[in-house]
Amino acid sequence: LSPHPSHAQLDSMQEAWDVTSAEERDGVRLTWHNWPSSRLEATRIVAPVAALYTPLKKISGAPPALTYDPIRCAGQGCAAVLNPFCQVDFRSKLWSCPFCLQRNNFPPHYASNISETNLPAELIPQYTTVEYELQSAPRVGPPAFVFVVDICVHDDELDELKDSLQQSLNLLPEEALVGLITYGTNIHVHELGFSECPKSFIFRGNKEYDAKRVQELLGLQVYSNNQPVGSAPLNSALGRFLCPAGECSFTFESILEELGKDPWPVPSDMRVARSTGSAISCATGLLEAAMARTGGRVMLFTGGPCTNGPGAIVGRAKTEDMRSHTDLAKSQAPMYKGACEYYDKIAKRTSGAQHVVDIFACSLDQVGMLEMKVMSEKSGGLMVLGDSFGQSVFKESLRRVFRRTPEGEQDAGSMAMGFAATLECMTSREFKVQGCIGPCASLNKAAGNVSETAIGQGNTNAWSLGGIDPSTTLAIYFEITNPGQNPLPQHKRRFIQFVTKYQHSSGKIRLRSTTLCGPWHSDPNNDSPIKCSFDQEAAAVILARLAVHRSETEEVSDILRWIDRSLIRLCAKFAEYQADQPNSFRLSPEFSIYPQFVFHLRRSQFLQLFNSSPDESTYYRSVLLRESTTNSLVMLQPSLLSYSFNAPPQPVLLDSQSVRQDTILLLDTFFHVVVFHGETIAAWREAKYQEQAEHDAFRALLAAPQADSQSIMDSRFPVPRYIVCDQNKSESRFLMAKLNPSVTHNSTDSGGGQAIFTDDVSLRVFMEHLMKLAVQS
């Protein structure tokens, strides 16, 4: 039998874990790399046992997609994919599954060629993540993009939106299918295949339409999954309402050019009649009738709240205000529950058909993101919230949706997105899956490794992801179920396998398998191996996701108390200290910045609702639940760079003492990029010193943060809002609100920083209280 390829590696890593190597190799971050071997010991380590998994992460050095189907375990209820951790008997041509211990025969074409020196890619030790291009799955057609456009917006906004849509059409592959629906008081489904003149079918905006009704009204036959590829039934939506971008671009652009604001009259004391809910149900019905369970996106562009028909979130009378956090807390938002139920029903339809709903909302008022978010979150859709369709936050973000894989990489030229994706998680017998938090919907697969305790989308080990891209990240939570009276052998390993199946933008079906192996720790008297394996960055993101998920059903004050108790228990367990002596408190490097992450999480817009609308809170939380570990950490604890004449650009503490009159600060909060000029720098700039030849150094100093901020924004989705501000001016609030208030209006010594007017405690006071409570006997 071949030995496990990673036993020696695992033993050598136990003293000093490289917690980021798994992310580079497999797209996975684990909160703990060495796990306690019993249920009781797992409760004592406080932080959840969980993984952050990015299914489409670009992995350098990975083999190209394997052009054959994977070999899967024949064990009852297992179906794990062959991987480097399987034990192989080269004499009898058998392999043992590490998950269920079933012995399986290799198929003849493997058995005749396999040997110790001739291994297939999926058995080579360094290829723990491999991707297959399934030959048994029929190739499906190109993906469809249905643009659902709000025409109730002002004329200048509509012009900006039309310009962006025309650019988007040019970014799509020529074979990609395109549909167009415009809506105001009524809904217009445009027949792009009819090129003689603009032709559309009109639906009433105050009704809900299922797939069958849309099919009847448009005179369609339902597309069958058994239909031969490349053919379409007579009266199909394909070729009429969904046409290849290369063929319908002239018709599409002609319709956009003639598109004007909704003609229905609006009294001055009334809101426009906007039928967003009906429009989405029409778009969903069109895709369900045309191409069920194949790649499709409904891309909603809205400039205000739904006021007409199903899904309305506010009445038309302007005397009726949009719901606020206070209204929701006091149950004084009469339309909230009905709207949530309606959009949840749409979400079930889209996730069942494996289609995606993207929401691009640009308005100075709320648009109903809170109620509509379920459609995007359950289908893997994107959400972008801006003030105007003319802002780069919208225009550039929309362009980046259609970005292609760069030349020189695998799949160069293909769209950087997947469709109709599903994820399944297999585990070895000593632990179970509690659930998943992220952009997904449960597939209700009650396998043997499903825990009775649910977190997020629980009671299943498989989820529908819908749309995925290289940054889509899911948090999977585990429960160690091995009882304490059954100690595990010293060299026993645990195994996790993530199997992601998705439709590539080329129409081919792919399957990516990621298999992880790690050690158990069985000595309850020595927790140092577990302590050394802690990934504080992943743990902070896992905690933030759990807190945001709980905020949907619990009061924020209760969540803050739970976070505080968890942090105190974790520090009491793993810090070094003498009882009742706070000054003796020490945290090892593996835990040293975790309290800082928690401090900033408590103050963040994810938990503090002050100064944000329900829509903004929803948007920030939804982005946090789908982004990678690195991006999530920037959201929790923004990065701050300082530029001055005295030193090269350098990171500084996110602290009010970092504010100096003679420096420029660059703040990256993920959603905003802020260039902040100190008072002296701003005065010199206003005096135009940078235009004088003898002040080249000052000109370079002003240009440096602008260049760096551009490089940050170039690689990010959604594109952040760019803010340039000066000390003591109104927009400086974007920076000041994020800083640790070590200097406040109550401080006696400013220490050279700027005082912040706040009653929030500083990080120093927070740490003093933490140390005092953690060391209590």
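Residues numbered from 1 in each chain as written. Predicted model: local features only at pLDDT ≥ 70, side-chain atom pairs only at ≥ 80, totals over all residues. Heavy atoms only, no water.

Bringing the sheet that holds strand β30 (residues 721-726) into the picture now. The strand order across the open sheet formed by five strands is β27-β26-β28-β29-β30, and the pairing between neighbours is mixed. One side of each edge strand has no neighbouring strand; the edge strands of this open sheet are β27 (650-651) and β30. Of the pairings in the sheet, the one linking strand β28 (residues 664-668) to strand β29 (residues 672-677) comprises five bridges and is antiparallel in character. Its bridge partner being in β29, isoleucine 664 is matched across the sheet by histidine 677. (Pairing = 2+ DSSP bridges. Helix = DSSP H or I, 4+ residues; strand = E, 2+ residues; numbered from the N terminus.)

All right, on to the pattern of salt bridges then. For the structure shown, the criterion picks out 44 salt bridges. Lysine 373 is the partner of glutamate 552 in a salt bridge, and the nearest nitrogen-oxygen pair spans 3.2 Å. With glutamate 552 in the loop between α14 (536-550) and α15 (556-574) and lysine 373 in helix α11 (residues 369-379), the pair connects residues that are 179 residues apart, well separated along the chain. When its relative accessible area of 47% is taken as the criterion, glutamate 552 is described as partly exposed. Of the residues examined, lysine 373 reaches a relative accessible area of 16% and is grouped as buried. In the salt-bridge network here, residues are joined through shared partners; they are Glu131, Glu133, Asp411, Lys508, Arg510 and Arg512. (Salt bridge = Lys/Arg side-chain N within 4 Å of Asp/Glu carboxyl O. Buried < 20%, exposed > 50% of the residue type's maximum accessible area, 1.4 Å probe, protein only.)

Attention now goes to unusual backbone geometry. In this chain, phenylalanine 717 is followed by proline 718 through a cis amide linkage whose omega measures -10°. Residue position: proline 718 is located in the loop between α20 (696-714) and β30. The phi dihedral of leucine 101 is positive, around 70°, even though this residue is not glycine. Positionally, leucine 101 belongs in the loop between β5 (94-96) and β6 (103-105). One non-glycine residue, glutamine 354, lies in the positive phi region at around 60°.

This part covers the layout of surface pockets. Each pocket or cavity is described by its volume, and for the largest pocket that value is around 1600 Å³. The wall of the largest pocket is formed by 50 residues, among which Phe610, Asn611, Tyr620, Phe734 and Ala737 lie closest to the centre. Put simply, the parts of the chain that give the lining of the largest pocket at least two residues each are β15 (383-386), α16 (594-603), α17 (614-624), α18 (629-636) and α21 (733-736). Looking at the second largest pocket, its volume works out to about 1200 Å³. Lining the second largest pocket are 35 residues, and of these Tyr336, Lys373, Ser551, Glu552 and Thr553 lie nearest its centre. At the level of elements, α9 (325-329), α10 (336-353), α11, β17 (431-437), α14 and α17 are the ones that each hand at least two residues to the lining of the second largest pocket. It is α11 that provides the largest number of residues to the lining of the second largest pocket, a total of six residues. For the lining of the second largest pocket, a count of residues per class yields 14 nonpolar, eleven polar and ten charged. (1 Å grid on protein atoms, 1.4 Å probe; cavity = no way out; pocket = protein on both sides within 12 Å on 5 of 7 lines; lining within 4 Å. Points joined across faces, edges and corners; volume = space filled by probe spheres on them. Nonpolar A, V, L, I, M, F, W, Y, C, P; charged D, E, K, R; others polar.)

Moving on to empty space enclosed by the protein. Under the criterion given, the structure shown has two cavities of 30 Å³ or more. By volume, the largest cavity is sized at about 170 Å³. Breaking the lining of the largest cavity down by element, the ones donating at least two residues are α11 and α17. In the lining of the largest cavity, the residues fall into seven nonpolar, five polar and five charged. Within this model, the second largest cavity holds a volume of roughly 90 Å³. Around the second largest cavity sit Arg297, Leu382, Arg400, Val401, Arg403, Ala416, Met417, Gly467, Ile468, Asp469 and Phe717, which together line it. Mapped by element, the contributors of at least two residues to the lining of the second largest cavity are α12 (392-401) and β20 (462-468).

Judged by how many residues are buried, α17 sits mostly within the fold: ten of eleven residues are covered. Inspection of α17 places Pro614, Asp615, Ser617, Thr618, Tyr619, Tyr620, Arg621, Ser622, Val623 and Leu624 among the buried residues, and these make up the whole buried set.

Take the sheet that holds β5 next. Judged by pairing direction, the sheet is antiparallel, and its three strands sit side by side in the order β4-β5-β6 without closing on themselves. If you trace the sheet from one side to the other, it starts and ends with β4 (87-89) and β6, each paired once. Recorded for the sheet is a direction-independent mean angle of 25° between the axes of neighbouring strands. As judged from the three bridges shared by β5 and β6, these two strands associate in the antiparallel manner. (Axes fitted to C-alpha atoms, helices over the stretch in contact; angles between N-to-C directions.)

Glancing now at the state of the cysteines. Think of a disulfide as a covalent bridge from one cysteine sulfur atom to another cysteine sulfur atom. By the definition in use, this model includes zero disulfides. Here cysteine 340 is not cross-linked by a disulfide; its sulfur's nearest cysteine counterpart is in cysteine 306, at 13 Å. For cysteine 340, a relative accessible area of 21% corresponds to the partly exposed category. For cysteine 440, which is in no disulfide, the shortest distance to another cysteine sulfur is to cysteine 436 and amounts to 3.7 Å. (Disulfide = S-S within 2.5 Å.)

This paragraph deals with the nonpolar core. The biggest cluster of nonpolar side chains holds 132 residues, and the ones touching the most others in it are Trp32, Met375, Ile476, Phe478 and Phe498. At ten residues, the largest contribution of residues to this core is made by α14. Leaving out residues up to four positions away in the same chain, phenylalanine 498 has contacts with Val28, Ala51, Tyr53, Leu423, Glu424, Cys425, Ile476, Phe478, Arg512, Ser513, Thr514 and Leu516. Ranked by size, the runner-up nonpolar core spans 37 residues in total, among them Phe252, Leu256, Cys362 and Phe419. (Core = buried A, V, L, I, M, F, W, Y, C linked by side-chain atoms within 4.5 Å. Contact = heavy atoms within 4.5 Å.)

Before going further, it helps to examine the packing of aromatic side chains. Scanning the entire structure with this criterion turns up 37 aromatic pairs. The interplanar angle of 80° and the centroid separation of 6.5 Å between the aromatic rings of tyrosine 68 and tyrosine 110 together place this pair among those described as edge-to-face. With a gap of 42 residues between them, tyrosine 68 in the loop between β3 (49-53) and β4 and tyrosine 110 in helix α4 (residues 108-111) connect regions that are remote in the sequence. Taken together, a centroid distance of 5.0 Å and an interplanar angle of 85° make the contact between phenylalanine 203 and tyrosine 209 edge-to-face. (Phe/Tyr/Trp six-rings, centres within 6.5 Å; stacked < 30°, edge-to-face > 60°.)

What follows concerns a nonpolar patch on the surface. On the surface, a nonpolar cluster with roughly 280 Å² of combined accessible area is contributed by Phe645, Trp684 and Tyr689. Given the relative accessible area of 31%, tryptophan 684 is considered partly exposed. (Patch = residues over 30% accessible without salt bridge, like charges linked within 9 Å, V, L, I, M, F, W, Y side chains within 5 Å. Areas by Shrake-Rupley, 256 points an atom, 1.4 Å probe, with all protein chains shown as cover.)

Our focus in this paragraph is the environment of isoleucine 437. Structurally, isoleucine 437 is set in strand β17. In sequence terms isoleucine 437 and valine 214 are 223 residues apart; their C-alpha atoms lie 33 Å from each other. When neighbours within four sequence positions are excluded, isoleucine 437 is seen to be in contact with Ile455, Gly456, Leu474, Ala475, Tyr477, Arg545, Leu546, His549 and Leu625.

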